[in-house]
Amino acid sequence: MIIIEDKKTICLYTGSNRTKLVLCKQLQEILGNNTHILSYAIDEETPRHEDTDLTILSSSSVEEELIECGFLNPDMTYFVCGRRINFDNIESILRIPKGEVALFVNDTKDTTMLCIQNLKDIGIDHIDCQPFYPGCEAAGDYNYAITAGEMWLVPENINNKFDLGPRHIDIPSLLKIVDLLDIKEFDVGTIIKPYTDKIIDISKKMVVINTEAEGIRHLLKEKLESKGYTALYTFESIKGNSPNLLEVKHKAQRLANTDLTILIEGESGTGKELFASAIHNASKRKNGPYLAVNFSALPEELVESELFGYEEGAFTGAKKGGKTGLFEQADGGTIFLDEIGDISPRMQTKLLRVLQEKEIMPVGGGSIKKVDIRVIAATNKNLKFMVNQGTFRDDLYYRLKIGYVNVPSLRERKEDIKCLMSYFVQKEEETKVSIDKEVYDKFLKYDWRGNVRELKNTIKYMMAIRENPCRITAIDLPDIHFFEEISSEKEEESRLDYHLEVILQAISEINKKGLNAGRKIVTELLNQREIQLTENQVRKRIDTLCQKGFVEVSKGKMGTTLTDKGRRYMNKNGMESEQPEIKANNNHQQ
């Protein structure tokens, strides 16, 4: 109990009524009943001049407002107190998962940064708090927001909001108030003890919560693993040291640290599913579920009910009690949409809504459900070509391609073949098995159109039928003519149709002149050289070249341009020169 010989009077001015009530209560607890406190919230009531022992202002912004309205004058004596986070409601944010990013929202930059530091000072550093205040933008999507009594400033699109309440007067300011009031025989413990008791209480709760969280994570992991809802691969699982692969892995690792939607493109067998799994396991969602769905393996009539679930009685044959869809089951984690190029136009529209709004509606349901998911999609098709053809929505394409990974084919990283061969041999046999150089040389000459998957299956076959248990030799190859026959067939197929080649050459020539290689100018150039193709015939062949990946069609200044693949093809077949000449061949006229 504080003994005050003469009862002191304090006048407190705050910005809001809520802050007024919180600070009056704090001062009353510290200074005891022998102090009389007058208070005004300037957003609700007109402040009055009072004859008091001490005038306290809750913040510098309150000071500015009172000066602006002429209430304060240079002759007045007042004290602007410092503030700190209110610990009374701190437990609510202790259960935010470790590693999550949260907006910390307040009315000024200085106050916001001070609040974030207050949290760190008491050991709450499991959350990555990003400052947000009037005048700045929140870059990216956030699931959590924390504020100190400024809920009206929190962005509406954030689902999880935590209000710690108005900030308390800090310890240095409380000690200064006691000094200004000239209170005799004041027990400093009255100020310090509630603070230290609260810190100890918070520390104990953090230990309990961390222990509980570890147990919950363990149980969740077991449950997810029992259902198969886990990602099996990490970036360590993706073998190879070629520059092409390392560059793509580095980009994917950086994307994993974000929550962006990702599109993975690449030929069949390149390991797109490994990249999707690795990205999940390197992300902040790694402890959440990971679900994969392959659109090419899912009948069209089942896609909607599998993804979105359904309510009881939604259709004939619907299960009693309904079914939870994959999007809802992936809540808090990642969903991998493989072969996204096979999705129907109707489902493209529904998927777009999920990406835009993070909302789903079960089949036969009447209410919308929010889902917190990351989407990773993959395809071996040329989605850009499909967009140009009108078979894939352009808005969905650009929504998926916010983050982009293009997995190189094995032909583009042949330096990795030796490493991959050793890895697959080791997986098949625990004892050491060597590989003859002749086998390796043979593999280097092969095109591997089935990519890493084909290499893996070839090694498995050779390991199964090898004659020497300690070595793989050329005798163990699938067939003595296997590679030669494939290479011979590919050589025959590697040359494009005549008209495709002359169009490719025309596009190259037009690009070199800095002109727009549209179908009209290509047709005119061909016709000048007595290659009689209509504009429509040229358009169809440009579409074919685009689908094969030799050219890229855009609406920009350059129109149609050669891709790296197209340039490699021309170099390989001697079609590239300083002044390319397109010659007519009457045997190929239409």
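Here the structure is shown first, and the text comes after it.
Computed from a predicted model, the values in this text were never measured in an experiment. (Residues numbered from 1 in each chain as written. Predicted model: local features only at pLDDT ≥ 70, side-chain atom pairs only at ≥ 80, totals over all residues. Heavy atoms only, no water.)

**Some remarks on the overall build of the protein**
The criterion, for reference: Elements are defined by DSSP. Helices are runs of H or I of four residues or more, strands are runs of E of two residues or more, and each kind is numbered from the N terminus. Remark: exposure states derive from per-residue accessible area (1.4 Å probe, protein chains only) relative to the maximum for the residue type, with buried under 20%, exposed over 50%, and partly exposed in between. For accessible areas, the Shrake-Rupley method is used with a probe of radius 1.4 Å. Any residue's cover is judged against the shown protein chains and nothing else.
The number of helices and strands found in the protein is 21 helices and 23 strands. Counting over 590 residues, the protein shows a buried share of 45%. Surface accessibility of the protein: about 31400 Å² in total, with carbon and sulfur atoms responsible for 48%.

**Structural notes on the sheet that holds strand β7 (residues 128-132)**
Keep this limit in mind: A pair of strands is considered paired only if DSSP assigns at least 2 bridges between the two. Structural elements are reduced to axes, namely lines fitted to C-alpha atoms, with helices fitted over the stretch in contact, and the angle between N-to-C directions of any two is expressed from 0 to 180 degrees. What makes two residues a contact is simply this: any of their non-hydrogen atoms within 4.5 Å.
The parallel open sheet is built from 4 strands, whose spatial order is β7-β6-β8-β9. Of all the strands in the sheet, just β7 and β9 (160-163) have a single pairing partner and so form its edges. Averaged over all pairs of adjacent strands, the angle between strand axes in this sheet comes to 25 degrees, irrespective of strand direction. The sheet contact formed by strand β8 (residues 144-147) and β9 spans 4 bridges and is parallel. Considered in β9, the bridge of Y144 is made with N160. Along the sheet face, helix α4 (residues 109-121) touches β6 (101-105) and β7 and points at about 165 degrees away from the line of β7.

**What about the pattern of salt bridges?**
The cut-off we apply is this: Every case where a carboxyl oxygen of Asp or Glu lies within 4 Å of a side-chain nitrogen of Lys or Arg is listed as a salt bridge.
Under the definition given, this model contains 24 salt bridges. The closest approach of N and O atoms between E304 and R346, which form a salt bridge, is 2.8 Å. Of this pair, E304 sits in helix α9 (residues 300-308) while R346 sits in helix α11 (residues 345-357), and the two are 42 residues apart along the sequence. A residue is classified by how much of its surface remains accessible, and E304, at 15% relative accessible area, is buried. The shortest N-O distance in the salt bridge between E412 and R568 comes to 3.7 Å. Here R568 lies in helix α21 (residues 564-572) and E412 lies in the loop between β19 (403-406) and α14 (417-428), a separation of 156 residues in the sequence. In this structure E412 comes out as partly exposed when scored by relative accessible area, which is 37%. We classify R568 as partly exposed; its relative accessible area is 46%. Salt bridges sharing common partners tie together D259, R285 and D372.

**What about the environment of V178?**
Within the secondary structure layout, V178 lies in helix α5 (residues 171-181). Residues contacting V178, with those up to four places away along its chain left out, are L31, I183, F186 and I191.

**Some thoughts on helix α16 (residues 451-465)**
In plain terms, the rule: By definition here, a helix of n residues has an expected span of 1.5 Å times n minus one.
Its 15 residues place the ends of α16 22 Å apart at the C-alpha level, agreeing with the 21 Å of an ideal helix rising 1.5 Å per residue. For α16, the full list of buried residues reads N451, V452, E454, L455, T458, I459, M462 and M463.

**Notes on the packing of aromatic side chains**
Threshold: A pair of Phe, Tyr and Trp rings is counted when the ring centres sit within 6.5 Å of each other, with Trp represented by its six-membered ring. The angle between the planes then sorts it: under 30 degrees is stacked, over 60 is edge-to-face, the rest tilted. Definition used: whenever NZ (Lys) or CZ (Arg) falls within 6 Å of the ring centre and also within 35 degrees of the ring normal, the charge is taken to sit over that ring.
Scanning the model with the defined rule gives 9 aromatic pairs in all. When the ring of Y397 is compared with that of Y398, the centres are 5.0 Å apart and the planes differ by 65 degrees; the resulting orientation is edge-to-face. Using a relative accessible area of 53% as the deciding quantity, one classes Y398 as exposed. Ring geometry for Y446 versus W448: centroids 4.6 Å apart, planes at 80 degrees, classification edge-to-face. Taken together, the aromatic side chains of Y13, Y40 and F71 make up a single cluster linked through ring pairs. Over the face of the ring belonging to Y440 we find K418, whose NZ or CZ atom lies 5.4 Å from the ring centre. Over the aromatic face of F550 sits the side chain of K565, whose NZ or CZ is 5.2 Å from the ring centroid.

**Remarks on helix α20 (residues 535-548)**
Between the first and last C-alpha of α20 there are 20 Å, a value that for 14 residues agrees with the 20 Å anticipated at 1.5 Å per step. Turning to α20, its buried residues are V538, R541, I542, D543, L545 and C546. As for α20, its buried residues are in contact with α12 (383-389), α18 (498-512), α19 (519-528), β22 (551-553) and β23 (560-562). Following α20 by one or two positions, G549 has its phi on the positive side, about 85 degrees.

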